[in-house]
Amino acid sequence: MDPTHQGPGEYGQHSGGSDGSDESDGRRRPSRESNAADFGQPTPQQVRVVQVTVGDLLLTVNPVDGSEVEACPPGAEPDAPVRRTPAERADHERAGAPPVPAGPPSPQLPLLERQEERERLVGLLARGRSVRLTGQAGSGRTALLDAVAADCTDLAPDGVVRLSGHRRTAADLLYGIFDAIHRAPLHRPGPEELLTLVRSIGAVVVIDDLEIGGAALDGLLEATPECAFLFGTTPDLTPPGVDAHLEEVLLAGLGRSASLELLAKVVERPLTEDERNWAGDLWFESEGLPLRFVQAGSLLRQRDRLNTDPAAFDEYDYFEPRPDDAPPVPEAPTAETLDVPLPSLGEGAAPAVLLASRLSEAARETLRFTVALGGEVPHQAHLPALVGDTHADAALGELAGCGLLSPAGSRYRLAAGVLAQLEAGGYAEEAAAHARTAAQHYAWWVSHPSVTPQRAVAEADAIVAAMGRLVPDGEAGQASAAVLLARSAAPALAAGMSWGAWEKALRAGQEAARIAGEVAEEAYFHHELGVLALCSGNLDRARTELETSISMRGALADKSGAVAGRRALALVADRSGGFAPPVRPQAADDVPAVRHDLLAGTPPVGFPAPPLFTRQAVEEDPTVVAPFPPAASKPGGGRVLLGGARRNLAAAGAGALLVAVLGTVVTLGLTAGDPEEPGGSRNVTTEQSSPESTPDDASPDDEPDDAPAPDDGAPGEEAPVTPGTSQPAPPSTSGSPSPAPSSPDGSSPGTGEPSSGPSSSTSGAPTPTRSPRPSQSTSTGPTVTPSESESDPEPTPSETPPPETPDPEEPSTTSSASGPAATASATADTPAESDDPTEAAA
């Protein structure tokens, strides 16, 4: 047979079709050996994705990519919670009871000297009063609570609810009460809905090992006015307020006679005189605590067993079956030959180490794991894997029969005082190694697809205790093991509705990831904490955790994780009401101040600002346009923050108004003339050189012709000409260019004095001089008197006369520079500059 193909291959048979083709699916044939390695296609592991409705939110618990939360879509709302029937309540209570230990059953102990307290508690609960039963650890509170709960079965319409307050908050207890009475699969009511539902519950609620007090206990009593509570607490717990109206019942120890009777019940035989005297000393030392006498009875039973030859039990196959070829059993020693002394008074007061030394190796190893987990005993189904012994599940029965364990809800934990005694006895020397082994085992177990969330919740205390032991430890690898356990257990705890344990696992995992330097896992835990806070209604905490997760995932380039965080953050912003539409103020005095530097394109002071696009509040919910948190108002002055499209519209309006105002200012500046210049013409000074091109405002009709002007005067004299539209003024020509142009500021380079009039002419001399006889014109407009020079090309500069100050009322319109040999002239290449717009250079 071919091992790579399925079907028979012998005796001429073929697994293929009739045409000889192979029609097998290609899968490898499974090996006959269970331990053989399988190198074929691995089966993909199932991912447990659970959707839970939390109020009006839909929570998707995804172990791979992280949880996502969104508003519950229409049509996906869960059904209303339904009350359980009495039979369903009984089944639910049995499911929450601790498992029965393996091995022979322990003797049923009577309730001694508790009848008075029992009747008083039942009477108070029957009248609807809440009672607080206070007693030391080991005083028999649990046994008395069980008896009272059995007597109060028919007192309330919703029966009796048994809960454990060990490591439970007030919110955990409220949800426990709701789950005991109502059936709501995969639905966790919101805070307001929860208060509405528990207000209608009428039951007797018995809570043992309560750890809350003060205001938290007052809130629990106020939230459930129709319930009668019976709390079992220690004296060091903070009492509730005066308004709680809580009755107090103190539980003392047993008397001497009752203690000796209890000890005889445990030993299951009458006590000897020495044992009675020893028990009397123990009663005085322990103040009559029943737990001490149960443990003392276990010591006496072990003593009785040691006084008898252990081989005698092998004859009846007590420990293990005897082979047929075994030697004969020797005779049992008598009391004279074998006598084990009574324990000392110190060993009787702290008997945990002595009791553990006489147990099996599996039981002692179980105690080491229990000490490493802070007193939390793993479930008996996990003991064979942890201890390494297939029969280690029987160790739970040994420990419970010795009085070293006490029930706590649906599990067991070390009895009061046992943890400290075992730590002093050396059972905590390898606590870190045992905690790491437990963490690795639970990480594998809780990730298995066959493990339901309810089974994971049953081991929540041990899981959280394992992480709590590993996180503060500084050894290499311990923090990483805690991260793996928290990453595996957190989704299961969330799906199992144990959100108190979920929060503890997330916080322990976040701290472990920070210590181990695993940034991606730390971002995951921050995200989960933000989702948990959002579902619990703590929006500020949710915003902080989600923003931290988004920033860390952004640094890691985790796009999908960052998108999931932004979605949750947008939901936080929507629920916090940070983007509610602004309401139009009723009075002008109530208008908030607006800082103009916050809005882009705001016009400067002096121009009207664009209106704020406020609107009246409408009935529909505002649309969230950006997932940014609302800005807190500052006392320095109000700010109106416009979000989304309204902010862009305000900025666009401000920019448009600014452009319009600036355009108006520029247009007015171009069209308006200078009031100091006559006629409103734009003229240049006579001592500035005109550009070679024609001015922009000159028309072609104003161009002067090239004909020379007639010479009406003698050489060296100026002929005044008034240019106009009918007589254009031609430019003057000269045989030599002007070597030095006038300065830009209108003053002569040689003298530094400003020009006396708007009209000027240049001279061929290096230093231009003012004419001694300036000619004046009676025309209102400026006139220029060009002249032609007939003199030598080389002009001789004349002496400069003292400057004359023109009359301010009638300024001089012509000025020229003359010399003995030549007058001021301009070359043909550089035409004379005209003061009138109609005059242009040739």
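Residues numbered from 1 in each chain as written. Predicted model: local features only at pLDDT ≥ 70, side-chain atom pairs only at ≥ 80, totals over all residues. Heavy atoms only, no water.

### Observations regarding the overall build of the protein
The number of helices and strands found in the protein is 25 helices and 13 strands. Of all 842 residues assigned to the protein, the portion counted as buried reaches 38%. In the protein, 73% of the contacts between residues at least 6 apart in sequence involve partners at least 24 apart. Accessible surface, the protein as shown: approximately 46,100 Å² in total, 53% of it carbon and sulfur. (Helix = DSSP H or I, 4+ residues; strand = E, 2+ residues; numbered from the N terminus. Buried < 20%, exposed > 50% of the residue type's maximum accessible area, 1.4 Å probe, protein only. Contact = heavy atoms within 4.5 Å. Areas by Shrake-Rupley, 256 points an atom, 1.4 Å probe, with all protein chains shown as cover.)

### Some thoughts on the packing of aromatic side chains
All told, the structure shown has four aromatic pairs when counted by the stated rule. Look at Y442 and W445: their rings are 6.3 Å apart centre to centre, the planes differ by 70 degrees, and that puts the pair in the edge-to-face class. Residue Y442 and its partner W445 are located together in helix α17 (residues 431-446), separated by three residues, close to a single helical turn. With a relative accessible area of 0%, Y442 lands in the buried category. Aromatic side chains Y524 and F525 sit 5.3 Å apart centroid to centroid with 65 degrees between the ring planes, which places their arrangement in the edge-to-face category. Here Y524 and F525 have matching classes, each one buried. Just above the ring of Y175 sits the side chain of R188; from NZ or CZ to the centre is 3.5 Å. Cation over ring: R487 sits above Y524, and NZ or CZ is 3.6 Å from the ring centre. (Phe/Tyr/Trp six-rings, centres within 6.5 Å; stacked < 30°, edge-to-face > 60°. Lys NZ or Arg CZ within 6 Å of the ring centre and 35° of its normal.)

### Topic: α17
For α17, built from 16 residues, the straight-helix expectation of 22 Å at 1.5 Å per residue is met to within 8% by its first-to-last C-alpha distance of 22 Å. Within α17, the full set of buried residues consists of A431, A432, H434, A435, A438, A439, H441, Y442, A443, W445 and V446. Those residues of α17 that are buried are in contact with α13 (361-372), α14 (383-387), α18 (453-458), α19 (460-470) and α20 (478-495). (Expected span 1.5 Å × (residues − 1).)

### Description of helix α8 (residues 273-286)
Along an α-helix, residues three or four positions apart point the same way, because every turn accommodates 3.6 residues. Between the first and last C-alpha of α8 there are 20 Å, a value that for 14 residues agrees with the 20 Å anticipated at 1.5 Å per step. Turning to α8, its buried residues number three or more, namely E275, W278, A279, G280, L282 and S286. The positive-phi residue at the C-terminal boundary of α8 is E287, with phi of around 60 degrees.

### A look at the nonpolar core
Core analysis: the biggest nonpolar cluster contains 65 residues, and L59, V69, M467, L485 and W502 have the highest contact counts within it. Sort the elements by how many residues they give to this core and α20 lands first, with 12 residues. The residues touching L485, leaving out its near neighbours within four places in the chain, are A439, Y442, A443, I463, A466 and M467. Counting 30 residues, the second largest nonpolar core, distinct from the first, contains L174, F178, I181 and L246. (Core = buried A, V, L, I, M, F, W, Y, C linked by side-chain atoms within 4.5 Å.)

### Side note on unusual backbone geometry
One non-glycine residue, D209, lies in the positive phi region at around 55 degrees. Mapped onto the secondary structure, D209 falls in the loop between β9 (204-208) and α6 (215-223). Looking at D209, the relative accessible area reads 22%, which means it is partly exposed. With phi around 60 degrees, E287 is a residue other than glycine that occupies positive phi space. Mapped onto the elements of the fold, E287 is located in the loop between α8 and α9 (290-307).

### Describing the pattern of salt bridges
Proximity of charged atoms lets side chains of opposite charge pair with each other. One pass over the structure, following the stated rule, counts 28 salt bridges. We note a salt bridge from E503 to R507, for which the minimum N-O separation is 3.3 Å. Taken together, the residues span about one helical turn, with E503 and R507 both in helix α21 (residues 499-516) at a distance of four residues. In this structure R507 comes out as partly exposed when scored by relative accessible area, which is 36%. Residues participating in the shared-partner salt-bridge network are R167, E376, R411, R413 and E459. (Salt bridge = Lys/Arg side-chain N within 4 Å of Asp/Glu carboxyl O.)

### As for the sheet that holds strand β1 (residues 50-54)
The strand order across the open sheet formed by four strands is β3-β2-β1-β8, and the pairing between neighbours is mixed. Sheet topology places β3 (68-71) and β8 (187-188) at the edges, where each strand pairs with a single neighbour. Against the sheet, helix α22 (residues 519-536) contacts β1, β2 (57-61) and β3, and its axis sits at roughly 155 degrees relative to β2. (Pairing = 2+ DSSP bridges. Axes fitted to C-alpha atoms, helices over the stretch in contact; angles between N-to-C directions.)

### Comments concerning the sheet that holds strand β11 (residues 246-251)
A sheet is described by the order of its strands in space; here five strands give the open sequence β6-β9-β10-β5-β11, paired in parallel fashion. The open sheet terminates on both sides in strands that have one partner only, identified here as β6 (160-164) and β11. The mean inter-strand angle of the sheet, taken between neighbouring strand axes irrespective of direction, is 15 degrees. In terms of strand pairing, β9 meets strand β10 (residues 228-233) through four bridges, oriented parallel. Within β10, the residue paired with V205 across the bridge is F229.

### Describing the side chain of Q302
One can find Q302 in helix α9. Leave out the neighbours within four places in its chain, and Q302 touches L354, L355, R358, L359 and C402.

### A look at the pairing of strand β12 (residues 405-408)
In this structure, β12 lies alongside strand β13 (residues 411-414), joined through four bridges in antiparallel fashion. Paired with P407 across the strands is Y412, a residue of β13. Between the end of β12 and the start of β13, which pair antiparallel, lie two residues, with G409 showing a positive phi angle near 75 degrees.

### Here's the deal with the side chain of R188
Its place among the elements puts R188 in strand β8. Buried and unpaired, R188 has D172 as its nearest opposite-charge partner, separated by 5.4 Å. Ignoring anything within four residues of it in the chain, the contact list for R188 reads V52, T53, V54, G55, Y175, M497 and W499. (Lys, Arg positive; Asp, Glu negative; His and termini not counted.)

### Structural notes on the environment of P343
Note that P343 resides in the loop between α10 (311-314) and α11 (345-349). You can call P343 buried: its relative accessible area is 8%. Residues P343 and E275 lie 68 residues apart in sequence; the distance between their C-alpha atoms is 9.9 Å. With residues up to four places along the chain from it excluded, the contact list for P343 reads W278, L299 and L354.

### Concerning the pairing of β1
Among the five residues of β1, four are classified as buried, and the element is accordingly described as predominantly covered. Summarising the sheet, β1 and β2 pair through five bridges and their orientation is antiparallel. Within β2, the residue paired with Q51 across the bridge is T60. Here β1 folds back onto β2 in antiparallel fashion, the turn holding two residues, of which G55 has a positive phi close to 65 degrees.

### Comments concerning the environment of A460
Its place among the elements puts A460 in helix α19. The sequence separation of A460 and A492 amounts to 32 residues, and the corresponding C-alpha distance is 9.8 Å. With residues near it in sequence (within four places) discarded, A460 still touches L493 and A501.

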